[in-house]
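Structural overview
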Amino acid sequence: VDARLKDPSLEKASGKISYRTTRDSWMRYHIDASDQEDFEKATEMTQQPKFKKEFYSFTANQPLSDKAGFIFAYNRQKSTIPNYSEWLEEWNDQIRLAETYLLKGIYLADNGDSFRLTGMYSPHESKYFKKDVKNGSYINSGGGYRVNMEWEHIAEWGKVNSLAGYQFEENKIQHES
């Protein structure tokens, strides 16, 4: 997904903090009676009636002058999903964690040109369990970063945009045994 992120406001400093959550105890499921028992067992990856999700976010906007400013944002999503192994007779928590750090700055030159610099770092980690395998957990971790530089020039004959960027992503899986 390539989205145009809003520019920092040069008017005044501002910020926002938020938290939201949801969990299985707040839900009510409507499941066909023939599937109800299997669903409640939570033995399949597609049948997970128990969960807890948490979302955190923080945003800060800081003008440096009437021509420059930056915005910083942090987002974190964490899910905990219990899964039951019938053969091992134990519950294990699948964990899914994703974070995003964003820093974007803008500078408005005296000639009307705009310069933007954006940096983003997005790590993630997920812990899963192989069905009915002792010590069968595995962790999928990775993520990446991205840096973009943009120059915008408005001439009498039109607008010129120039964008340069670099992106790096990496993912790895580590098995318990």
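The structure under discussion appears in the preceding block.
Cut-off values and rules
- Residues numbered from 1 in each chain as written.
- Predicted model: local features only at pLDDT ≥ 70, side-chain atom pairs only at ≥ 80, totals over all residues.
- Heavy atoms only, no water.
- Helix = DSSP H or I, 4+ residues; strand = E, 2+ residues; numbered from the N terminus.
- Buried < 20%, exposed > 50% of the residue type's maximum accessible area, 1.4 Å probe, protein only.
- Contact = heavy atoms within 4.5 Å.
- Areas by Shrake-Rupley, 256 points an atom, 1.4 Å probe, with all protein chains shown as cover.
- Pairing = 2+ DSSP bridges.
- Axes fitted to C-alpha atoms, helices over the stretch in contact; angles between N-to-C directions.
- Salt bridge = Lys/Arg side-chain N within 4 Å of Asp/Glu carboxyl O.

**A look at the overall build of the chain**
Helix and strand counts for the chain come out as one helix and seven strands. Counting helices and strands in the order they occur from the N terminus, the chain gives β-α-β-β-β-β-β-β. Residues classed as buried in the chain amount to 28% of the 177 residues present. Within the chain, contacts between residues separated by at least 24 positions form 59% of all contacts whose residues are at least 6 apart in sequence. As presented, the chain carries roughly 12,300 Å² of accessible surface, and 52% of it is formed by carbon and sulfur atoms.

**Some remarks on the side chain of Ser 141**
Tracing the backbone shows Ser 141 in strand 6 (residues 137-155). On the accessibility criterion, Ser 141 (13% relative accessible area) is buried. Discounting residues that sit within four places of it in the chain, Ser 141 has contacts with His 124, Glu 125, Glu 170, Asn 171 and Lys 172.

**Some words on the sheet that holds strand 1 (residues 14-23)**
Strand order in the open sheet formed by seven strands is 1-2-3-4-5-6-7, with antiparallel pairing between adjacent strands. Both outer strands of the open sheet, strand 1 and strand 7 (158-175), are each paired with one neighbouring strand and no more. Averaged over all pairs of adjacent strands, the angle between their axes in this sheet comes to 5 degrees, without regard to strand direction. Bridging between strand 6 and strand 7 involves 18 bridges; their strand directions are antiparallel. In the sheet register, Asn 148 faces strand 7, and the bridge partner there is Gly 165.

**A closer look at the pattern of salt bridges**
Within this structure, the stated rule accounts for seven salt bridges. Among the salt bridges present, the one from Asp 7 reaches Lys 104, with a minimum N-O distance of 2.9 Å. Here Asp 7 is found in the segment before strand 1, whereas its partner Lys 104 is found in strand 4 (residues 90-108), with 97 residues between them in sequence. Since its relative accessible area comes to 5%, Lys 104 is described here as buried. Where Lys 67 meets Asp 110, a salt bridge forms, and the shortest distance between an N and an O atom there is 3.3 Å.

**Digging into the pairing of strand 6**
With 16 bridges joining them, strand 5 (residues 114-129) and strand 6 adopt antiparallel strand pairing. Across the sheet, residue Ser 114 finds its bridge partner in strand 6, namely Glu 152. Two successive antiparallel strands, strand 6 and strand 7, enclose a turn made up of two residues.

**Things to note about the side chain of Thr 80**
Within the element layout of this structure, Thr 80 appears in strand 3 (residues 68-85). On the accessibility criterion, Thr 80 (19% relative accessible area) is buried. Among all residues touching Thr 80, those that are not within four sequence positions of it are Lys 50, Phe 51, Lys 52, Asp 93, Gln 94 and Ile 95.

**Observations regarding the environment of Leu 163**
Within the secondary structure, Leu 163 sits in strand 7. Its relative accessible area of 60% is what places Leu 163 among the exposed residues. Distance in space between the C-alpha atoms of Leu 163 and Trp 151 is 6.5 Å, their sequence separation being twelve residues. Apart from residues no more than four positions distant in its own chain, Leu 163 is found in contact with Asn 148, Met 149 and Glu 150.

Note that all results are geometric; they support no functional claim without further evidence.
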